[in-house]
Amino acid sequence: MILDDYLHMNFPDLKMCPPLFYNWEYGIRFELGNPPMFKLDKTSYMQQVYDRAISIYRYLHKDNDEIFIVTNAHFADKPNPIRRKPKVYRRYINNKNVLQGLHHKLSPYVFADVYEIDDFETHRFILKCHGRNIKYGSLIRAICNNDVAIKPSIYHDVFFVNISAGTIFHVYDDRGCDVVASTKEALNNIYRDYNEWILNYDRSRIDQQFVSLDDF
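Owing to the predicted nature of the structure, the values given are computational and were not obtained by experimental measurement. (Residues numbered from 1 in each chain as written. Predicted model: local features only at pLDDT ≥ 70, side-chain atom pairs only at ≥ 80, totals over all residues. Heavy atoms only, no water.)

A. Just the overall build of the protein, in detail. Across its full length, the protein carries nine helices and seven strands. For 216 residues, the compact-globule estimate of 2.2 N^0.38 gives 17 Å, and the protein sits close to it at 17 Å. Counting only C-alpha atoms and orienting by the principal axes, one finds that the protein spans roughly 55 × 45 × 40 Å. Every one of the 216 residues in the protein was classed for burial, and the buried ones make up 48%. (Helix = DSSP H or I, 4+ residues; strand = E, 2+ residues; numbered from the N terminus. Rg over C-alpha atoms; globule rule 2.2 N^0.38 Å. Buried < 20%, exposed > 50% of the residue type's maximum accessible area, 1.4 Å probe, protein only.)

Next comes the structure, spelled out in structure tokens:
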């Protein structure tokens, strides 16, 4: 199965770019880092960010799950972008044979309608693998580091599309992450078990999706 076919069947019309939570019917937005804490204790702030992001990832992804790792990369200032495979794949996949299946797709700039820019392009890299092939702890830390001047960091948007579970996971920055699913039922358990981490700004909208859940 290729990514476009999977999305067409399970997430029709979903645009694979931030913010996933606002672009799809069934989703949860979680708070990873509390911004005021950053100025007081950067180390503790980042440890909370890592712990929460990795915990949510582990909850959603199992070793045997089939997963698409999708990376939207933009190389406006770099030559030969196709040859510059993002380090998402070079550093954080533990089976180099799996990398033979890495695909590249050139698309119109995914934020063209937001920034009114039509001369950029989005380079989308897609790798289908299993959960056990991903060095997810190190990868997620690098994603979270992007906006806080910590190395290593990854500045591309990385999406984990879990074919087996019917979910998509995206850390948009150190402040939070989005989880969307093809059905509301696929989110019932994480809504219950990680309810305290739901971003309060969007809590009322999120709670409305699950008002029929019993014993909550």
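B. Structural view of the sheet that holds strand 1 (residues 27-31). What the seven strands build is an open sheet, ordered 1-7-6-5-2-4-3; its pairing is antiparallel. What marks the edges here is a single partner per strand, and that holds for strand 1 and strand 3 (103-108). If you compare each strand with its neighbour and ignore which way they point, the axes differ by 20° on average. Pairing of strand 6 (residues 167-173) with strand 7 (residues 176-181) involves six bridges; the strand directions are antiparallel. The partner of T167 across the bridge, within strand 7, is A181. (Pairing = 2+ DSSP bridges. Axes fitted to C-alpha atoms, helices over the stretch in contact; angles between N-to-C directions.)

C. Region of the structure containing helix 4 (residues 42-60). The first and last C-alpha atoms of helix 4 sit 27 Å apart over 19 residues, in line with the 27 Å expected at 1.5 Å per residue. Restricting attention to buried positions, one finds in helix 4 the residues Y45, M46, V49, Y50, R52, A53, I54, I56, Y57 and L60. (Expected span 1.5 Å × (residues − 1).)

D. Fine view of the pattern of salt bridges. Using the criterion set out here, one finds four salt bridges in the structure. Among the salt bridges present, the one from D4 reaches K105, with a minimum N-O distance of 2.7 Å. On the criterion of sequence distance, the pair formed by D4 in helix 1 (residues 3-10) and K105 in strand 3 is long-range, its members being 101 residues apart. Residue classification places K105 among the partly exposed residues on the basis of a relative accessible area of 33%. Two residues, R175 and D173, come together in a salt bridge whose shortest N-O distance is 2.6 Å. (Salt bridge = Lys/Arg side-chain N within 4 Å of Asp/Glu carboxyl O.)

E. Summary view of the environment of N64. Counting through the fold element by element, N64 comes out in the loop between helix 4 and strand 2 (66-73). Judged by its relative accessible area of 60%, N64 falls in the exposed class. Filtering out sequence-adjacent residues up to four positions away, N64 remains in contact with H130 and R132. (Contact = heavy atoms within 4.5 Å.)

F. Representation of the nonpolar core within the structure. If you look at the biggest cluster of nonpolar residues, it comprises 47 residues, and the most contacted ones within it are I28, F30, I56, I69, I134, F160 and F169. When residues of this core are assigned to their parent elements, the largest contribution, nine residues, is made by helix 4. Leave out the neighbours within four places in its chain, and I28 touches F21, C177, D178, V179, L187, I190, Y191, I198, I206 and F210. In terms of nonpolar packing, the next biggest core, distinct from the first, is built from 16 residues, Y6, F11, M16 and L20 among them. (Core = buried A, V, L, I, M, F, W, Y, C linked by side-chain atoms within 4.5 Å.)

G. View of helix 1. Regarding helix 1, the residues found buried are L3, Y6 and L7. Burial along helix 1 is one-sided: seen end-on, the buried residues are contained in an arc of 95°. Exposed side of helix 1, more than 90 degrees from the buried face: H8 and M9 are the residues found there. Close packing links the buried residues of helix 1 with strand 2, strand 4 (121-130), strand 5 (157-162) and strand 6. (Arc of directions from axis to C-beta.)

Everything listed here is a matter of coordinates, which is why it stays silent on function.
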